[in-house]
Amino acid sequence: ANRAAMSAYIATLPAGAFAGVLLSYFIGVAAGTWLTARISATAHARQSLMVGMLFLVASVLNLSSLPHPVWFWVANLLLVALATWLGVYFGEPEERPLD
């Protein structure tokens, strides 16, 4: 509940703690967008991009609510964008000719 105490605590965290958070964000966004592309009946890419945008908005809200290092801001936003692209790219089903 104390913002100053939280800021002081976050300043003491090692880079590895932030790296773990970034890895979990990357895996979650990639899996979410991939799964969305796979199960969407139509407009696979559009549906996956909407999921990626929701993750992006959630990331910005999280970053702005708590103090984070600048490098974490940049890495977080880039990794969310990359994970979204990978999820869409690998999740979109191949077009199959009619049998």
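All values derive from a computational prediction rather than experimental measurement.

*Asks:* What am I meant to see in the environment of L22 here?
*Replies:* For L22, the position within the fold is in helix 2 (residues 15-39). Overall, the relative accessible area of 8% leaves L22 in the buried class. Setting aside residues no more than four positions away along its own chain, L22 makes contact with W71, F72, A75, N76 and L79.

*Asks:* Explanation requested: the packing of aromatic side chains in the structure shown.
*Replies:* Two aromatic rings, taken as a pair, are described by how far apart their centres are and by the angle between their planes. Scanning the model with the defined rule gives 5 aromatic pairs in all. Both rings, one in F18 and one in F72, keep their centres 5.2 Å apart while their planes meet at 55°; by these two values the pair is tilted. Here F72 lies in helix 4 (residues 70-91) and F18 lies in helix 2, a separation of 54 residues in the sequence. With respect to class, F18 is no different from F72; both count as buried. Here W71 and F72 contribute two aromatic rings whose centre-to-centre distance is 6.0 Å and whose plane-to-plane angle is 85°, an arrangement assigned as edge-to-face. What links up through ring pairs into an aromatic cluster is the set F18, W71 and F72.

*Asks:* Looking at this structure, I do not really get the nonpolar core. What am I missing?
*Replies:* With 6 residues, the main nonpolar core is built from I10, F18, L22, L63, F72 and A75. Where this core is concerned, the elements lending two or more residues are helix 2 and helix 4. When residues no more than four places from it in sequence are discounted, the contact partners of I10 are F18, L66 and P67.

*Asks:* Help me understand a nonpolar patch on the surface in this model?
*Replies:* On the surface, W34, L35, I39, L82, W85, Y89 and F90 cluster together into a nonpolar patch covering about 800 Å² of accessible area. Contributing elements (two or more residues each) for the nonpolar patch: helix 2 and helix 4. It is helix 4 that contributes the most residues to the nonpolar patch, 4 residues altogether. Within the fold, L35 resides in helix 2.

*Asks:* Is there a simple way to think about the environment of W73 in this case?
*Replies:* Residue position: W73 is located in helix 4. Each C-alpha atom of the pair W73 and L63 lies 6.9 Å from the other, and the pair is 10 residues apart in sequence. Residues contacting W73, with those up to four places away along its chain left out, are L63, S64 and H68.

Basis of the calculations
Residues numbered from 1 in each chain as written. Predicted model: local features only at pLDDT ≥ 70, side-chain atom pairs only at ≥ 80, totals over all residues. Heavy atoms only, no water. Helix = DSSP H or I, 4+ residues; strand = E, 2+ residues; numbered from the N terminus. Buried < 20%, exposed > 50% of the residue type's maximum accessible area, 1.4 Å probe, protein only. Contact = heavy atoms within 4.5 Å. Phe/Tyr/Trp six-rings, centres within 6.5 Å; stacked < 30°, edge-to-face > 60°. Core = buried A, V, L, I, M, F, W, Y, C linked by side-chain atoms within 4.5 Å. Patch = residues over 30% accessible without salt bridge, like charges linked within 9 Å, V, L, I, M, F, W, Y side chains within 5 Å. Areas by Shrake-Rupley, 256 points an atom, 1.4 Å probe, with all protein chains shown as cover. Salt bridge = Lys/Arg side-chain N within 4 Å of Asp/Glu carboxyl O.

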